[in-house]
Amino acid sequence: MASPYEKLPRIPRYQEIVLKVTTRYRKLLEGSRGKIRSRKKARELEIKKLQLVHDIVTEEIRKIVFNLPFVDRVHPFYRDLLDVLIGYDKYKQAVVRLARALKIIDKIYGEHIALVKTAPRLRDARRFRKEGVGRIMSVLKRNRRYIDFLANNIPRLKRIPSIDPKKPTIIVAGMPQVGKSTLVKRISTAKPEIAPYPFTTKNLILGHITINPIITIQAIDTPGLLDRPLEERNPIELQAIMALKHLNGVIVYLFDASKNSYYTIEEQIHVLEDILDRFKEKNIVIAVNKIDEVDENKLKKIMEYMNKKNLGKPILISALKGLGIDELLRIVFNKLNIEVKELSKTKP
Ligand code: GDP
(Lines give C-alpha, C1' and ligand atoms only; values in the text may rest on other atoms or scores of the structure.)
Protein backbone atom coordinates (compact mmCIF):
# COMPACT_ATOMS: atom_id res chain seq x y z
CA MET A 1 0.00 0.00 0.00
CA ALA A 2 1.66 3.18 -1.14
CA SER A 3 -1.09 5.73 -0.90
CA PRO A 4 -1.67 6.83 2.68
CA TYR A 5 -5.30 7.41 1.76
CA GLU A 6 -6.09 4.07 0.23
CA LYS A 7 -7.39 2.35 3.36
CA LEU A 8 -8.98 5.32 5.06
CA PRO A 9 -12.22 4.47 6.81
CA ARG A 10 -15.57 5.84 5.83
CA ILE A 11 -16.22 9.00 7.82
CA PRO A 12 -19.76 9.30 9.24
CA ARG A 13 -21.64 12.54 8.74
CA TYR A 14 -22.80 14.63 11.68
CA GLN A 15 -26.41 13.55 11.23
CA GLU A 16 -25.42 9.89 11.28
CA ILE A 17 -23.65 10.34 14.61
CA VAL A 18 -26.67 12.12 16.06
CA LEU A 19 -28.93 9.36 14.80
CA LYS A 20 -26.69 6.74 16.35
CA VAL A 21 -26.82 8.52 19.69
CA THR A 22 -30.60 8.89 19.67
CA THR A 23 -31.22 5.31 18.56
CA ARG A 24 -28.98 3.83 21.23
CA TYR A 25 -30.35 6.22 23.83
CA ARG A 26 -33.87 5.09 23.06
CA LYS A 27 -32.81 1.45 23.30
CA LEU A 28 -31.29 2.08 26.69
CA LEU A 29 -34.52 3.65 27.90
CA GLU A 30 -36.62 0.81 26.51
CA GLY A 31 -34.32 -1.78 28.05
CA SER A 32 -34.56 -0.23 31.46
CA ARG A 33 -38.30 0.32 31.46
CA GLY A 34 -39.93 -1.24 34.51
CA LYS A 35 -36.57 -2.17 36.01
CA ILE A 36 -35.92 1.02 37.95
CA ARG A 37 -37.20 0.08 41.35
CA SER A 38 -34.83 1.99 43.59
CA ARG A 39 -33.14 5.37 43.80
CA LYS A 40 -29.81 3.61 43.36
CA LYS A 41 -30.97 2.04 40.10
CA ALA A 42 -32.39 5.36 38.94
CA ARG A 43 -29.08 7.08 39.53
CA GLU A 44 -27.26 4.27 37.74
CA LEU A 45 -29.48 4.85 34.75
CA GLU A 46 -28.58 8.55 34.74
CA ILE A 47 -24.90 7.57 34.77
CA LYS A 48 -25.44 5.12 31.94
CA LYS A 49 -27.23 7.72 29.82
CA LEU A 50 -24.37 10.16 30.12
CA GLN A 51 -21.83 7.42 29.52
CA LEU A 52 -23.63 6.26 26.42
CA VAL A 53 -23.70 9.69 24.82
CA HIS A 54 -20.06 10.29 25.69
CA ASP A 55 -18.96 6.90 24.44
CA ILE A 56 -20.72 7.07 21.10
CA VAL A 57 -19.72 10.62 20.31
CA THR A 58 -16.08 10.13 21.27
CA GLU A 59 -15.86 6.77 19.52
CA GLU A 60 -17.10 8.32 16.29
CA ILE A 61 -14.80 11.33 16.52
CA ARG A 62 -11.88 9.12 17.52
CA LYS A 63 -12.44 7.00 14.42
CA ILE A 64 -11.93 10.15 12.40
CA VAL A 65 -9.04 11.72 14.29
CA PHE A 66 -6.98 8.60 14.83
CA ASN A 67 -7.47 7.08 11.41
CA LEU A 68 -6.63 10.09 9.32
CA PRO A 69 -2.97 10.73 8.61
CA PHE A 70 -1.09 13.70 10.03
CA VAL A 71 -0.84 15.70 6.89
CA ASP A 72 2.59 17.02 7.78
CA ARG A 73 3.95 13.51 7.96
CA VAL A 74 2.52 12.48 4.62
CA HIS A 75 4.96 12.27 1.71
CA PRO A 76 5.04 15.60 -0.20
CA PHE A 77 3.66 13.92 -3.32
CA TYR A 78 0.52 12.86 -1.48
CA ARG A 79 0.41 16.05 0.57
CA ASP A 80 0.34 18.13 -2.61
CA LEU A 81 -2.44 16.01 -4.03
CA LEU A 82 -4.43 16.38 -0.82
CA ASP A 83 -3.93 20.12 -1.07
CA VAL A 84 -5.12 20.15 -4.68
CA LEU A 85 -8.13 18.02 -3.94
CA ILE A 86 -9.45 19.25 -0.62
CA GLY A 87 -7.12 21.93 0.68
CA TYR A 88 -4.27 21.37 3.12
CA ASP A 89 -5.42 24.08 5.54
CA LYS A 90 -9.01 22.95 5.61
CA TYR A 91 -8.03 19.34 6.20
CA LYS A 92 -5.61 20.21 8.95
CA GLN A 93 -8.05 22.56 10.62
CA ALA A 94 -10.79 19.91 10.58
CA VAL A 95 -8.59 17.25 12.15
CA VAL A 96 -7.12 19.61 14.75
CA ARG A 97 -10.57 20.91 15.71
CA LEU A 98 -11.94 17.43 16.13
CA ALA A 99 -8.97 16.39 18.23
CA ARG A 100 -9.63 19.39 20.42
CA ALA A 101 -13.34 18.52 20.57
CA LEU A 102 -12.40 15.10 21.92
CA LYS A 103 -10.53 16.67 24.81
CA ILE A 104 -13.37 19.07 25.56
CA ILE A 105 -15.92 16.28 25.54
CA ASP A 106 -13.80 14.19 27.88
CA LYS A 107 -13.51 17.11 30.24
CA ILE A 108 -17.26 17.76 30.23
CA TYR A 109 -17.89 14.11 30.77
CA GLY A 110 -15.45 13.93 33.70
CA GLU A 111 -17.05 16.89 35.40
CA HIS A 112 -20.62 15.82 34.88
CA ILE A 113 -20.23 12.17 35.68
CA ALA A 114 -18.76 13.19 39.04
CA LEU A 115 -21.69 15.50 39.62
CA VAL A 116 -24.24 12.86 38.67
CA LYS A 117 -22.59 10.34 40.96
CA THR A 118 -22.32 12.63 43.97
CA ALA A 119 -25.42 14.83 43.71
CA PRO A 120 -27.28 14.46 46.98
CA ARG A 121 -30.70 14.27 45.34
CA LEU A 122 -31.75 12.19 42.38
CA ARG A 123 -33.39 15.24 40.87
CA ASP A 124 -30.05 17.03 40.81
CA ALA A 125 -28.30 13.99 39.39
CA ARG A 126 -30.82 14.03 36.55
CA ARG A 127 -30.25 17.72 35.93
CA PHE A 128 -26.47 17.27 35.83
CA ARG A 129 -26.86 14.38 33.42
CA LYS A 130 -29.08 16.48 31.15
CA GLU A 131 -26.63 19.34 31.21
CA GLY A 132 -23.74 16.99 30.48
CA VAL A 133 -25.54 15.41 27.53
CA GLY A 134 -26.53 18.86 26.26
CA ARG A 135 -22.99 20.17 26.44
CA ILE A 136 -21.50 17.11 24.71
CA MET A 137 -24.07 17.31 21.93
CA SER A 138 -23.44 21.00 21.48
CA VAL A 139 -19.69 20.44 21.14
CA LEU A 140 -20.54 17.86 18.48
CA LYS A 141 -22.81 20.33 16.74
CA ARG A 142 -20.22 23.08 16.80
CA ASN A 143 -17.91 20.72 14.91
CA ARG A 144 -20.51 19.68 12.40
CA ARG A 145 -18.86 21.43 9.47
CA TYR A 146 -15.51 19.74 10.14
CA ILE A 147 -17.08 16.31 10.37
CA ASP A 148 -19.12 16.83 7.22
CA PHE A 149 -16.16 18.32 5.38
CA LEU A 150 -14.14 15.19 6.06
CA ALA A 151 -17.08 12.89 5.35
CA ASN A 152 -17.54 14.56 1.97
CA ASN A 153 -13.91 14.76 1.00
CA ILE A 154 -12.12 11.68 2.29
CA PRO A 155 -13.66 9.53 -0.48
CA ARG A 156 -11.95 11.81 -3.01
CA LEU A 157 -8.59 11.18 -1.40
CA LYS A 158 -9.18 7.46 -1.51
CA ARG A 159 -9.35 7.63 -5.29
CA ILE A 160 -5.76 8.85 -5.58
CA PRO A 161 -3.76 6.11 -7.24
CA SER A 162 -1.33 4.10 -5.24
CA ILE A 163 1.94 5.34 -6.62
CA ASP A 164 4.87 4.70 -4.33
CA PRO A 165 6.72 8.00 -4.18
CA LYS A 166 9.87 6.38 -2.87
CA LYS A 167 10.07 3.70 -5.52
CA PRO A 168 12.11 4.42 -8.65
CA THR A 169 9.64 5.69 -11.21
CA ILE A 170 9.62 6.25 -14.92
CA ILE A 171 7.24 9.06 -15.76
CA VAL A 172 6.40 8.92 -19.43
CA ALA A 173 5.54 12.31 -20.88
CA GLY A 174 4.70 13.53 -24.36
CA MET A 175 1.75 14.83 -26.33
CA PRO A 176 -1.36 12.72 -26.89
CA GLN A 177 -0.94 9.77 -29.26
CA VAL A 178 2.84 9.73 -29.16
CA GLY A 179 2.83 6.24 -27.65
CA LYS A 180 3.09 6.81 -23.89
CA SER A 181 0.77 4.05 -22.81
CA THR A 182 2.20 1.70 -25.42
CA LEU A 183 5.63 2.26 -23.91
CA VAL A 184 4.43 1.68 -20.35
CA LYS A 185 2.77 -1.55 -21.43
CA ARG A 186 5.87 -2.58 -23.34
CA ILE A 187 8.28 -2.15 -20.43
CA SER A 188 6.00 -3.48 -17.68
CA THR A 189 6.60 -7.00 -16.56
CA ALA A 190 3.10 -7.32 -15.14
CA LYS A 191 -0.20 -6.16 -16.49
CA PRO A 192 -0.39 -2.40 -15.84
CA GLU A 193 -3.10 -1.03 -13.61
CA ILE A 194 -5.41 1.70 -14.71
CA ALA A 195 -5.91 4.42 -12.16
CA PRO A 196 -7.66 7.77 -12.02
CA TYR A 197 -5.57 10.80 -11.21
CA PRO A 198 -6.94 13.98 -9.68
CA PHE A 199 -7.91 16.68 -12.15
CA THR A 200 -7.58 14.67 -15.27
CA THR A 201 -10.53 13.03 -16.86
CA LYS A 202 -8.23 10.41 -18.27
CA ASN A 203 -6.93 7.49 -16.32
CA LEU A 204 -3.25 6.96 -16.04
CA ILE A 205 -1.55 3.69 -16.60
CA LEU A 206 0.63 2.41 -13.84
CA GLY A 207 3.03 -0.35 -14.76
CA HIS A 208 5.48 -2.30 -12.66
CA ILE A 209 8.82 -3.60 -13.77
CA THR A 210 10.37 -6.30 -11.67
CA ILE A 211 14.09 -6.29 -12.15
CA ASN A 212 14.87 -8.78 -9.47
CA PRO A 213 13.14 -9.88 -6.26
CA ILE A 214 14.33 -6.75 -4.49
CA ILE A 215 14.00 -4.04 -7.10
CA THR A 216 10.79 -3.08 -8.76
CA ILE A 217 10.20 0.07 -10.68
CA GLN A 218 7.01 1.90 -11.47
CA ALA A 219 6.21 3.32 -14.86
CA ILE A 220 3.37 5.75 -15.38
CA ASP A 221 2.06 7.47 -18.40
CA THR A 222 0.61 10.91 -17.91
CA PRO A 223 -2.39 11.50 -20.14
CA GLY A 224 -3.91 14.87 -19.42
CA LEU A 225 -0.85 15.89 -17.41
CA LEU A 226 2.50 16.23 -19.12
CA ASP A 227 0.99 16.20 -22.57
CA ARG A 228 0.26 19.78 -23.49
CA PRO A 229 1.71 23.22 -22.79
CA LEU A 230 1.70 23.94 -19.10
CA GLU A 231 0.81 27.59 -19.60
CA GLU A 232 -2.65 26.46 -20.67
CA ARG A 233 -3.25 24.96 -17.24
CA ASN A 234 -5.15 26.52 -14.42
CA PRO A 235 -3.33 26.74 -11.09
CA ILE A 236 -5.06 23.68 -9.68
CA GLU A 237 -4.21 21.50 -12.66
CA LEU A 238 -0.69 22.79 -12.48
CA GLN A 239 -0.39 21.79 -8.86
CA ALA A 240 -1.64 18.28 -9.63
CA ILE A 241 1.03 18.10 -12.31
CA MET A 242 3.78 19.55 -10.19
CA ALA A 243 3.10 16.94 -7.51
CA LEU A 244 4.84 14.53 -9.90
CA LYS A 245 8.03 16.38 -9.03
CA HIS A 246 8.09 14.60 -5.70
CA LEU A 247 8.28 11.17 -7.25
CA ASN A 248 11.64 9.51 -7.16
CA GLY A 249 11.98 9.29 -10.86
CA VAL A 250 13.09 10.02 -14.35
CA ILE A 251 10.90 11.65 -16.96
CA VAL A 252 11.01 10.02 -20.36
CA TYR A 253 9.82 12.54 -22.93
CA LEU A 254 8.51 10.93 -26.08
CA PHE A 255 8.50 12.54 -29.47
CA ASP A 256 6.39 11.15 -32.24
CA ALA A 257 8.39 11.55 -35.44
CA SER A 258 6.19 9.33 -37.57
CA LYS A 259 4.76 10.42 -40.86
CA ASN A 260 1.28 10.59 -39.40
CA SER A 261 2.17 12.20 -36.11
CA TYR A 262 -0.77 13.98 -34.63
CA TYR A 263 1.23 17.03 -33.59
CA THR A 264 3.99 18.92 -35.35
CA ILE A 265 7.55 18.72 -34.08
CA GLU A 266 7.33 22.41 -33.11
CA GLU A 267 4.35 21.70 -30.90
CA GLN A 268 6.12 18.76 -29.33
CA ILE A 269 9.25 20.83 -28.73
CA HIS A 270 7.11 23.45 -27.04
CA VAL A 271 5.78 20.93 -24.52
CA LEU A 272 9.25 19.52 -23.96
CA GLU A 273 10.59 23.01 -23.24
CA ASP A 274 7.88 23.52 -20.68
CA ILE A 275 8.80 20.30 -18.95
CA LEU A 276 12.52 21.04 -19.08
CA ASP A 277 11.77 24.38 -17.52
CA ARG A 278 9.38 23.23 -14.78
CA PHE A 279 11.11 20.01 -13.88
CA LYS A 280 14.67 21.29 -13.94
CA GLU A 281 15.81 19.17 -11.06
CA LYS A 282 14.48 15.98 -12.59
CA ASN A 283 16.38 13.71 -14.91
CA ILE A 284 14.80 13.91 -18.32
CA VAL A 285 15.50 11.36 -21.02
CA ILE A 286 14.38 12.26 -24.52
CA ALA A 287 13.31 9.53 -26.90
CA VAL A 288 11.86 9.51 -30.37
CA ASN A 289 9.11 6.94 -30.73
CA LYS A 290 7.57 5.24 -33.79
CA ILE A 291 10.99 4.90 -35.34
CA ASP A 292 9.51 2.03 -37.41
CA GLU A 293 7.52 4.66 -39.31
CA VAL A 294 9.91 7.54 -39.03
CA ASP A 295 9.70 10.66 -41.09
CA GLU A 296 13.33 11.60 -41.68
CA ASN A 297 12.58 15.30 -41.90
CA LYS A 298 10.83 15.30 -38.55
CA LEU A 299 13.65 13.34 -36.98
CA LYS A 300 16.14 15.81 -38.40
CA LYS A 301 14.24 18.71 -36.82
CA ILE A 302 14.38 17.01 -33.42
CA MET A 303 18.11 16.29 -33.81
CA GLU A 304 18.81 19.88 -34.79
CA TYR A 305 16.85 21.22 -31.88
CA MET A 306 18.56 18.93 -29.40
CA ASN A 307 21.93 19.75 -30.81
CA LYS A 308 21.27 23.47 -30.55
CA LYS A 309 20.18 23.11 -26.93
CA ASN A 310 22.99 20.75 -26.00
CA LEU A 311 20.56 18.03 -25.08
CA GLY A 312 22.60 15.24 -26.60
CA LYS A 313 21.11 12.65 -28.92
CA PRO A 314 17.60 11.26 -28.54
CA ILE A 315 17.11 7.56 -28.08
CA LEU A 316 15.33 6.07 -31.04
CA ILE A 317 12.64 3.59 -30.14
CA SER A 318 9.54 1.87 -31.30
CA ALA A 319 7.31 1.10 -28.36
CA LEU A 320 5.05 -0.87 -30.66
CA LYS A 321 7.74 -3.02 -32.25
CA GLY A 322 10.05 -3.15 -29.23
CA LEU A 323 12.99 -1.43 -30.91
CA GLY A 324 15.54 0.47 -28.83
CA ILE A 325 13.76 -0.37 -25.60
CA ASP A 326 16.74 -2.05 -23.95
CA GLU A 327 18.91 0.96 -24.64
CA LEU A 328 16.27 3.30 -23.29
CA LEU A 329 15.93 1.22 -20.13
CA ARG A 330 19.68 1.02 -19.67
CA ILE A 331 19.92 4.81 -19.71
CA VAL A 332 16.91 5.20 -17.44
CA PHE A 333 18.18 2.63 -14.94
CA ASN A 334 21.52 4.33 -14.94
CA LYS A 335 19.87 7.62 -14.05
CA LEU A 336 17.89 5.88 -11.35
CA ASN A 337 21.14 4.40 -10.02
CA ILE A 338 19.94 0.90 -10.61
CA GLU A 339 22.46 -1.64 -11.72
CA VAL A 340 21.08 -4.25 -14.04
CA LYS A 341 23.25 -7.07 -15.38
CA GLU A 342 21.05 -8.13 -18.26
CA LEU A 343 17.96 -6.69 -19.73
CA SER A 344 16.76 -9.66 -21.68
CA LYS A 345 13.91 -10.06 -19.19
CA THR A 346 12.08 -7.22 -20.90
CA LYS A 347 9.64 -8.36 -23.48
CA PRO A 348 10.97 -8.98 -27.00
P1 GDP B 1 -0.52 7.93 -25.83
O2 GDP B 1 -1.74 8.77 -26.07
O3 GDP B 1 0.71 8.78 -25.84
O4 GDP B 1 -0.60 7.05 -24.64
O5 GDP B 1 -0.37 6.99 -27.12
P6 GDP B 1 -0.73 5.45 -27.32
O7 GDP B 1 0.25 4.58 -26.60
O8 GDP B 1 -2.15 5.25 -27.03
O9 GDP B 1 -0.42 5.28 -28.85
C10 GDP B 1 -1.11 6.03 -29.86
C11 GDP B 1 -1.09 5.26 -31.14
O12 GDP B 1 0.24 5.15 -31.60
C13 GDP B 1 -1.61 3.84 -31.01
O14 GDP B 1 -2.36 3.54 -32.15
C15 GDP B 1 -0.35 3.01 -30.95
O16 GDP B 1 -0.51 1.69 -31.45
C17 GDP B 1 0.57 3.80 -31.84
N18 GDP B 1 1.97 3.57 -31.53
C19 GDP B 1 2.54 3.62 -30.30
N20 GDP B 1 3.86 3.36 -30.39
C21 GDP B 1 4.12 3.15 -31.70
C22 GDP B 1 5.32 2.81 -32.43
O23 GDP B 1 6.41 2.64 -31.89
N24 GDP B 1 5.19 2.69 -33.77
C25 GDP B 1 4.01 2.87 -34.41
N26 GDP B 1 3.98 2.70 -35.70
N27 GDP B 1 2.88 3.14 -33.77
C28 GDP B 1 2.93 3.30 -32.42
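Residues numbered from 1 in each chain as written. Predicted model: local features only at pLDDT ≥ 70, side-chain atom pairs only at ≥ 80, totals over all residues. Heavy atoms only, no water.

(A) The arrangement of the layout of surface pockets in detail. Computed from the structure, the largest pocket encloses a volume of approximately 310 Å³. As for the largest pocket, its lining consists of 18 residues, of which Gln177, Val178, Gly179, Thr182 and Lys290 are closest to the centre. Residues belonging to the lining of the largest pocket are distributed by class as follows: five nonpolar, six polar and seven charged. Counted as a void, the second largest pocket has a volume near 250 Å³. Lining of the second largest pocket is provided by Val65, Phe66, Leu68, Pro69, Phe70, Val71, Asp72, Tyr91, Lys92, Val95, Val96 and Ala99. Within the residue set of the lining of the second largest pocket, elements represented by two or more residues are helix 2 (39–67) and helix 4 (88–118). (1 Å grid on protein atoms, 1.4 Å probe; cavity = no way out; pocket = protein on both sides within 12 Å on 5 of 7 lines; lining within 4 Å. Points joined across faces, edges and corners; volume = space filled by probe spheres on them. Nonpolar A, V, L, I, M, F, W, Y, C, P; charged D, E, K, R; others polar. Helix = DSSP H or I, 4+ residues; strand = E, 2+ residues; numbered from the N terminus.)

(B) Region of the structure containing helix 9 (residues 265–278). If you check helix 9, its first and last C-alpha atoms are 20 Å apart, about what 14 residues at 1.5 Å a residue would give, namely 20 Å. Every buried residue belonging to helix 9 is among Ile265, Gln268, Ile269, Val271, Leu272, Asp274 and Ile275, and all of these are buried. (Expected span 1.5 Å × (residues − 1). Buried < 20%, exposed > 50% of the residue type's maximum accessible area, 1.4 Å probe, protein only.)

(C) Looking closely at the site of the ligand. Around the ligand sit 15 residues, and of these Gln177, Lys180, Ser181, Thr182 and Asp292 come closest. Val178 places a main-chain nitrogen or oxygen 3.3 Å from an oxygen atom of the ligand. The pocket occupied by the ligand, as judged from atoms lying within 2 Å of grid points, is the largest pocket. It is helix 7 (residues 180–187) that provides the largest number of residues to the shell around the ligand, a total of three residues. Across the shell around the ligand, the residue classes break down as five nonpolar, six polar and four charged. (Near = heavy atom within 4 Å. Polar contact = N/O pair within 3.5 Å; in protein donor to acceptor, adjacent residues only side chain to side chain. Sits in = over half its atoms within 2 Å of the grid points.)

(D) Looking closely at the sheet that holds strand 2 (residues 193–196). One open sheet holds the seven strands; their spatial order is 2-3-4-1-5-6-7, and the pairing between them is mixed. Each edge of the open sheet carries a strand with a single partner, namely strand 2 and strand 7 (315–316). Bridge count for strand 1 (residues 169–173) against strand 5 (residues 249–256) is five bridges, and the pairing is parallel. Pairing of Ile171 across the sheet is with Ile251, part of strand 5. Helix-sheet contacts for helix 7 involve strand 1, strand 3 (203–210), strand 4 (216–221) and strand 5, and the interaxial angle to strand 4 is about 160°. (Pairing = 2+ DSSP bridges. Contact = heavy atoms within 4.5 Å. Axes fitted to C-alpha atoms, helices over the stretch in contact; angles between N-to-C directions.)

(E) Structural context of the pairing of strand 1. When you tally the buried positions in strand 1, you get five out of five residues, the bulk of the element. A two-sided burial pattern is seen for strand 1, the buried positions comprising Thr169, Ile171 and Ala173 on one face and Ile170 and Val172 on the other.

(F) Spotlight on the nonpolar core. One finds Leu150, Ile170 and Leu183 to be the most contacted residues of the largest nonpolar core, which totals 117 residues. It is helix 4 that provides the largest number of residues to this core, a total of 11 residues. If sequence neighbours within four positions are ignored, Ile170 has contacts with Ile187, Ile209, Ile217, Gln218, Ala219, Ile220, Val250, Val252, Leu329, Val332 and Leu336. (Core = buried A, V, L, I, M, F, W, Y, C linked by side-chain atoms within 4.5 Å.)

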